[in-house]
Amino acid sequence: MKQYLDLVQTVMENGVRKKTRTGVDTISYFGAFYKVDLSDGFPLLTTKKMQWKSLLREVLWYLSGENHIRNLRHHTKIWDAWADENGVLETAYGYYWRHFPSAQRNKNGEWVVREVDQIQYVIDEIKRNPNSRRLVISAWEPGNATTSKLPPCHYTFVFNVNDGKLNCHLT
């Protein structure tokens, strides 16, 4: 929690007020970050009161890769405002974590789009090669971000294994 509170203090003292598309200004401090040691537990770093069960359901929903809020709606209504009339949330973090579009050429040289399960890739890569520098998960897909009601706030996270400890950098 100290790293988070130190970061908040840095932003409050040195940040610049910026207007946003929602009309609620933010205070921006570009490039700041903090490190989280995942061996210390779940990195819920906030000053807000959190509903643990709802938070857990939301994380499980992300990990499922779903982009429809029907199952999430039983536990929290947090994403209702961002879903379309059919309950689909185009910007669902987990959807891009589990179904990221990747354009590649096939044997005939034609472009085809396949989905990449980034979560599974990182799990497999940590097991196979924990020293990998490619343990990255992204929710930022530019085509989606230009048309979405709510582009992702947390667009990437990177894992690093050092001396058997798993660390995460969230941006």
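Computed from a predicted structure; not experimentally measured.

**Some points on the overall build of the protein chain**
No. 1: The number of helices and strands found in the protein chain is 5 helices and 8 strands.
No. 2: Across the protein chain, helices and strands are ordered from the amino to the carboxyl terminus as α-β-β-β-α-α-β-β-α-β-α-β-β.
No. 3: Each principal axis of the C-alpha atoms in the protein chain carries an extent, and together these give about 55 × 50 × 35 Å.
No. 4: Buried residues in the protein chain amount to 29% of all 171 residues.
No. 5: Nonlocal contacts in the protein chain, meaning residues at least 24 apart in sequence, comprise 37% of its contacts between residues at least 6 apart.

**Details of helix H2 (residues 52-64)**
No. 1: Spanning 13 residues, H2 covers 18 Å between terminal C-alpha atoms, matching the ideal 18 Å at 1.5 Å per step.
No. 2: Here H2 has its buried residues at Ser54, Leu55, Glu58, Trp61 and Tyr62. Along the long axis of H2, the arc covered by the buried residues comes to 120°, so they all point the same way.
No. 3: For H2, the elements touching its buried residues are helix H3 (93-98).
No. 4: Looking at the residues trailing H2, positive phi occurs at glycine 65, about 85°.

**Focus: the pattern of salt bridges**
No. 1: Applying the stated criterion across every chain, the model contains 4 salt bridges.
No. 2: Ionic pairing is found between lysine 19 and aspartate 25, a salt bridge with its closest N-O pair at 3.8 Å.
No. 3: Exposure remark for lysine 19: the relative accessible area of 72% places this residue in the exposed category.
No. 4: What makes aspartate 25 partly exposed here is its relative accessible area of 28%.

**Here we look at the confidence of the model for the protein chain**
No. 1: When pLDDT is averaged across the protein chain, the result is 86; 95% of the residues are at 70 or more.
No. 2: Of all the helices and strands in the protein chain, strand S3 (residues 36-37) carries the lowest mean pLDDT, 70, while helix H4 (residues 118-128) carries the highest, 96.

**Quick word on the nonpolar core**
A general tendency of soluble globular proteins is for nonpolar side chains to be buried together.
No. 1: Core analysis: the biggest nonpolar cluster contains 19 residues, and Trp61, Trp79, Trp97, Ile137 and Phe159 have the highest contact counts within it.
No. 2: Within the residue set of this core, elements represented by two or more residues are H2, H3, H4 and strand S7 (156-162).
No. 3: Those residues in contact with tryptophan 61 that sit more than four places away from it in its chain are Glu66, Asn67, His68, Ile69, Leu72, Trp79, Leu89 and Ala92.

**Regarding H4**
No. 1: Of all the positions in H4, only Gln118, Ile119, Val122 and Glu125 are classed as buried. Looking straight down H4, one finds its buried side chains confined to an arc of 135°; they lie on one side. Set apart from the buried face of H4 by more than 90 degrees, the exposed residues are Lys127 and Arg128.
No. 2: With a side-chain oxygen lying 3.3 Å from the backbone nitrogen of isoleucine 119, the N-terminal cap of H4 falls on aspartate 117.

**As for the environment of histidine 75**
No. 1: Position of histidine 75 relative to the elements: it lies in the loop between H2 and H3.
No. 2: Not counting residues within four places of it along the chain, the set of residues in contact with histidine 75 comprises Ser54 and Arg57.

**Observations regarding the side chain of glutamine 118**
No. 1: Along the chain, glutamine 118 falls in helix H4.
No. 2: Not counting residues within four places of it along the chain, the set of residues in contact with glutamine 118 comprises Tyr96, Trp97, Phe100, Val136, Ile137 and Ser138.

What counts as what
Residues numbered from 1 in each chain as written. Predicted model: local features only at pLDDT ≥ 70, side-chain atom pairs only at ≥ 80, totals over all residues. Heavy atoms only, no water. Helix = DSSP H or I, 4+ residues; strand = E, 2+ residues; numbered from the N terminus. Buried < 20%, exposed > 50% of the residue type's maximum accessible area, 1.4 Å probe, protein only. Contact = heavy atoms within 4.5 Å. Expected span 1.5 Å × (residues − 1). Arc of directions from axis to C-beta. Salt bridge = Lys/Arg side-chain N within 4 Å of Asp/Glu carboxyl O. pLDDT = per-residue confidence, 0-100. Core = buried A, V, L, I, M, F, W, Y, C linked by side-chain atoms within 4.5 Å. Polar contact = N/O pair within 3.5 Å; in protein donor to acceptor, adjacent residues only side chain to side chain.

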